[in-house]
Amino acid sequence: MNKVVRTSLLAALIPATLMTTSSVFAQEMASDKAREDMHYVGLLATAFNHRSVGTVTNETAWGNGATLVVGGHITDLFHAEIRAGGGITDADVPNSNLTLTIDYFASWYIGMHHSITDYANVYGQFGFSHLSGKSQLKRPEAAQNRQFQLFEEDFPGSSFTVSWLVGLDIELLDNTYLAFEGGRLFEDTETEVNTFQFSGGLRYEF
């Protein structure tokens, strides 16, 4: 008899518990901030990492710049944006007399973001970039500079390339986020230099 009563009580409590849990989850989902149709602007400090510079030693060089971001949330999961930026300090290639300069760049991305906590999100995006820059090679006849002969012409040799980014944003204040991200900005098909971008800064949504 006691077993029958306990079984009946459990049978009644399980649906009630599931209904309560579902109700709480639905309320939490409804209380999450909807980002669909919101827009955003951001300002980032950016480090440019030029890789595979030279035909022999594949040197790596660093420069610095800034990036302006303007975008919008298409849905609560997808976003699209445009970016523009430029270099502030040039990249001096080690073991050479070569300097690489980024005058400006412009990018277009479409991406996906996903919340990992109540205040943090991860995102990834894919798009295209145009980059304008130049290279300066002093003493091209010197032995250490022979592998950089391609850089006597304009840099980069190609105009457009595929770009990608992955990042993390953390909400500091209402609609104000601290963002950290990294990815490939540009690949020059002529010199085979890969330029990566690593950025951090603020983004405001409205």
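Residues numbered from 1 in each chain as written. Predicted model: local features only at pLDDT ≥ 70, side-chain atom pairs only at ≥ 80, totals over all residues. Heavy atoms only, no water.

Structural notes on the confidence of the model for the chain
Thought 1: Looking at the chain, pLDDT values average 87 and 84% of them are 70 or higher.
Thought 2: Per-residue pLDDT stays below 50 along residues 1-31; that stretch engages in 0 contacts with residues further than four places along the chain or on separate chains. (pLDDT = per-residue confidence, 0-100. Contact = heavy atoms within 4.5 Å.)

Topic: the packing of aromatic side chains
Thought 1: Under the criterion given, the structure shown has 7 aromatic pairs.
Thought 2: Relative to Phe198, the ring of Trp62 has its centre 6.0 Å away and its plane inclined at 35°; by these criteria the two rings are tilted. On the criterion of sequence distance, the pair formed by Trp62 in strand 2 (residues 59-73) and Phe198 in strand 9 (residues 194-205) is long-range, its members being 136 residues apart.
Thought 3: For Phe198, a relative accessible area of 35% translates into the label partly exposed.
Thought 4: Between Trp164 and Phe196, the aromatic rings sit 6.2 Å apart at their centres with planes inclined by 80°, giving edge-to-face as the arrangement. In this pair, Trp164 is assigned in strand 7 (residues 160-173) and Phe196 in strand 9, connecting sequence segments 32 residues apart.
Thought 5: Trp164 sits in the partly exposed class, given a relative accessible area of 35%.
Thought 6: Overall, the relative accessible area of 13% leaves Phe196 in the buried class.
Thought 7: Chaining the aromatic ring pairs together yields one cluster made of Phe148, Phe151 and Phe155.
Thought 8: Lying across the ring of Tyr177, Arg203 places its NZ or CZ 5.6 Å from the centre. (Phe/Tyr/Trp six-rings, centres within 6.5 Å; stacked < 30°, edge-to-face > 60°. Helix = DSSP H or I, 4+ residues; strand = E, 2+ residues; numbered from the N terminus. Buried < 20%, exposed > 50% of the residue type's maximum accessible area, 1.4 Å probe, protein only. Lys NZ or Arg CZ within 6 Å of the ring centre and 35° of its normal.)

Describing a negative patch on the surface
Thought 1: Taken together, the side chains of Glu152, Glu153, Asp154 and Glu190 make up a negatively charged region of the molecular surface.
Thought 2: Mapped onto the secondary structure, Asp154 falls in the loop between strand 6 (120-137) and strand 7. (Patch = residues over 30% accessible without salt bridge, like charges linked within 9 Å, V, L, I, M, F, W, Y side chains within 5 Å. Areas by Shrake-Rupley, 256 points an atom, 1.4 Å probe, with all protein chains shown as cover. Salt bridge = Lys/Arg side-chain N within 4 Å of Asp/Glu carboxyl O. Lys, Arg positive; Asp, Glu negative; His and termini not counted. Charge placed at Lys NZ, Arg CZ, Asp CG, Glu CD.)

Remarks on unusual backbone geometry
Thought 1: One non-glycine residue, Ser52, lies in positive phi territory at about 60°.
Thought 2: Here Ser52 lies in strand 1 (residues 39-53).
Thought 3: A residue is classified by how much of its surface remains accessible, and Ser52, at 27% relative accessible area, is partly exposed.
Thought 4: The phi dihedral of Asn95 is positive, around 60°, even though this residue is not glycine.
Thought 5: Within the fold, Asn95 resides in the loop between strand 4 (91-92) and strand 5 (98-115).
Thought 6: Classification of Asn95 as exposed rests on a relative accessible area of 59%.

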